[in-house]
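Here is how the chains run, residue by residue.
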Amino acid sequence: MYDLLGGLSVIEASSFVASPTAGLYCAQMGAEVIRVDQIGGGPDFRRWPVTANDDSLYWENLNRAKKSVALDLARPEGRELLQALIRVTGQVITNFPVKGFMAHDVLAQERADLITVRVMGWADGTPALDYTVNNSVGYPLLTGTGPEPVNHVLPAWDLLSGAYAAFALLAALRRRAETGNGGEIRIPLSDVAIGTVANLGSLAEVMYEGHDRPRLGNTVYGLFGRDFVTADGVRTMIVVVTPRQWANLIAALGLEEAVAAAEARLGVSFATDDGLRFDHRDALFPLFEQAVGARAHADLAAAFDAGGVVHSAYRSMSEAVRDPALVADNPIFGVAENPSGIVYPAAGAFATVPQLDRQPPRPAPRNGQHTEQVLAERLSLSSGEIARLIDSRIIGIAQ
């Protein structure tokens, strides 16, 4: 954690991945993020992976460093408390529907400069998930070798949308500081997805070519890059992006003569042209398969490292978490008490900020842990009123 956003308070009314990610990133940079959920937890409160006690490891990691307020959002008084918290705070991150009690025009009736950052599925307000948005923009039909589509496991559009929402909130706060204007910023997953397709040149590519690029499996499009298997059975990815890396790769594998012979036969030079290496991959790959397959992985890794060649062996997530460079010795990780009671490395802010000390990661709250504190401080509710709300089950507190 850092204190770069100290003094900023944000209400977060959300669930699942994208919207909570936006709140998490703000909290990791020092903002006070108050997550408001249904009493007993929202729809993502028990999302897998879970412990034997049904505590969600997913939830407690996406909600680190936040405060928790629990309200009965099915009842008018609970919804009015959420609206009051949003208005007095001045900014909210949410993935609630665009219509209803969380509509921006409803919330802004008593707070004209309110900033609402709303993460959505489709731009017209209809629901969508990362998995369905990904299908809609074509990536599963580019992944793998076919003929069936291949969904990737990483919820990329959720994570990108969450990061973009945090960025958009800060941009809106700057605008309000300069102009006094608030407003609603909408961030549909579908727009983040198709916009990213455009930013990577893929939209222009299919319109220019008139067809999709071929499915390449683990081959990197437009570069020399693919997976190879070493003599001791280690599958490793090798990717070349500079002329120096290419020269050092063929030197490390002793392929100078074989590559020169291929160049002479084909009438090309691979020294500086990524596209030529890709176009003639069928001529090059067998040479590299044989050379890599004749060497042990440790021997090759040392040679590649010495030459600045980009490579990495495939490994399981279980193997990755045991890598000291990734986890045990990585300063982004620390230990925090977790609601689940499970002890494991907890991630803090990913950025390294000069001249600021990195604070250890903080735990996620228990559902309703800060309800009394927040309602007393933000809405000036008396202890008697809070007790009445607890007794009537309008608000919840951590047990």
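One structure accompanies this document, and this report is about it. (Residues numbered from 1 in each chain as written. Predicted model: local features only at pLDDT ≥ 70, side-chain atom pairs only at ≥ 80, totals over all residues. Heavy atoms only, no water.)

**Structural notes on the nonpolar core**
Then, in step 1: If you look at the biggest cluster of nonpolar residues, it comprises 30 residues, and the most contacted ones within it are C26, I93, V117 and L169.
Then, in step 2: Those elements that place two or more of their residues in this core are α1 (18–28), β5 (115–120), α5 (130–137), α6 (156–179) and α7 (189–199).
Then, in step 3: The biggest single contributor to this core is α6, with seven residues. (Core = buried A, V, L, I, M, F, W, Y, C linked by side-chain atoms within 4.5 Å. Buried < 20%, exposed > 50% of the residue type's maximum accessible area, 1.4 Å probe, protein only. Helix = DSSP H or I, 4+ residues; strand = E, 2+ residues; numbered from the N terminus.)

**Observations concerning the side chain of H370**
Then, in step 1: Along the polypeptide, H370 turns up in the loop between β11 (346–347) and α15 (371–379).
Then, in step 2: A residue is classified by how much of its surface remains accessible, and H370, at 14% relative accessible area, is buried.

**Structural notes on the pattern of salt bridges**
Then, in step 1: One pass over the full model with this rule turns up 22 salt bridges.
Then, in step 2: The partner of E32 in a salt bridge is R378, with the nearest N and O atoms 2.4 Å apart. Separated by 346 residues along the polypeptide, E32 in strand β2 (residues 32–38) and R378 in helix α15 bring together distant segments of the chain.
Then, in step 3: Taking relative accessible area as the criterion, R378 reaches 23% and is therefore assigned partly exposed.
Then, in step 4: Salt-bridge contacts for D44 lead to R35; the nearest nitrogen and oxygen are separated by 3.0 Å. (Salt bridge = Lys/Arg side-chain N within 4 Å of Asp/Glu carboxyl O.)

**Considerations on empty space enclosed by the protein**
Then, in step 1: Counted under the stated rule, the structure contains one cavity of 30 Å³ or more.
Then, in step 2: Of the volumes computed, that of the largest cavity is approximately 40 Å³.
Then, in step 3: If you go around the largest cavity, the residues you meet are M1, Q28, R64, A65, A347, G348, P361 and R362.
Then, in step 4: Along the lines of polarity and charge, the residues of the lining of the largest cavity split into four nonpolar, two polar and two charged. (1 Å grid on protein atoms, 1.4 Å probe; cavity = no way out; pocket = protein on both sides within 12 Å on 5 of 7 lines; lining within 4 Å. Points joined across faces, edges and corners; volume = space filled by probe spheres on them. Nonpolar A, V, L, I, M, F, W, Y, C, P; charged D, E, K, R; others polar.)

**A few points about the layout of surface pockets**
Then, in step 1: By volume, the largest pocket amounts to about 1,100 Å³.
Then, in step 2: Together, 27 residues line the largest pocket, and N61, M317, V321, F333 and A347 are the ones closest to its centre.
Then, in step 3: Among the residues forming the lining of the largest pocket, the class breakdown is 22 nonpolar, four polar and one charged.

**Digging into the sheet that holds strand β7 (residues 224–229)**
Then, in step 1: Pairing in this open sheet of three strands is antiparallel, and the strands run β7-β8-β9 from one edge to the other. Two strands bound the open sheet, and with one partner strand each, they are β7 and β9 (310–313). Neighbour-to-neighbour, the strand axes of this sheet turn through a mean angle of 15°, independent of strand direction.
Then, in step 2: As judged from the four bridges shared by strand β8 (residues 235–240) and β9, these two strands associate in the antiparallel manner. When the sheet's bridge partners are listed, T236 is paired in β9 with A313.
Then, in step 3: Across the sheet, helix α9 (residues 243–252) is in contact with β7, β8 and β9; its angle to β8 comes to roughly 135°.
Then, in step 4: Helix-sheet contacts for helix α12 (residues 281–293) involve β7 and β8, and the interaxial angle to β7 is about 40°. (Pairing = 2+ DSSP bridges. Axes fitted to C-alpha atoms, helices over the stretch in contact; angles between N-to-C directions. Contact = heavy atoms within 4.5 Å.)

**Some remarks on the pairing of strand β3 (residues 67–71)**
Then, in step 1: When you tally the buried positions in β3, you get five out of five residues, the bulk of the element.
Then, in step 2: Covered by surrounding structure in β3 are K67, V69 and L71 together with S68 and A70, the residues of both alternating faces.
Then, in step 3: Handedness of the β2-helix α2 (residues 57–62)-β3 crossover: right-handed. (Right-handed = clockwise from strand over helix to strand, strands pointing away.)

**Digging into α6**
Then, in step 1: With 24 residues, α6 should cover 34 Å at 1.5 Å per step; its first-to-last C-alpha distance of 34 Å lies within 8% of that length.
Then, in step 2: When we look at burial in α6, the residues that qualify are A156, W157, D158, S161, G162, A165, A166, A168, L169, A172, L173 and R176.
Then, in step 3: Of the residues flanking the end of α6, it is G180, one or two places downstream, whose phi is positive at about 80°. (Expected span 1.5 Å × (residues − 1).)

**Quick notes on the sheet that holds strand β6 (residues 183–188)**
Then, in step 1: With respect to topology, seven strands assemble into an open sheet ordered β6-β5-β4-β1-β2-β3-β12, the strand pairing being mixed. Each having just a single partner strand, β6 and β12 (395–396) make up the two edges of the open sheet.
Then, in step 2: Sheet contacts for α1: β1 (9–13), β2, β4 (91–94) and β5; angle to β4, the most-contacted strand, approximately 135°.
Then, in step 3: Running over the sheet, α15 touches β1, β2, β3 and β12 and is turned about 90° from β3.

**Some points on the packing of α5 against α7**
Then, in step 1: Running from amino to carboxyl end, α5 crosses α7 at an angle of 35°, the nearest separation of the two axes being 10 Å. Once α5 is placed against α7, the crossing between them reads as right-handed. Contacts between α5 and α7 involve D130, V133 and V137 from the former and L189, S190, A193, I194 and V197 from the latter.
Then, in step 2: Of the residues in the contact of α5 with α7, the class split is six nonpolar, one polar and one charged. (Left-handed = near helix turned anticlockwise from the far one by under 90°.)

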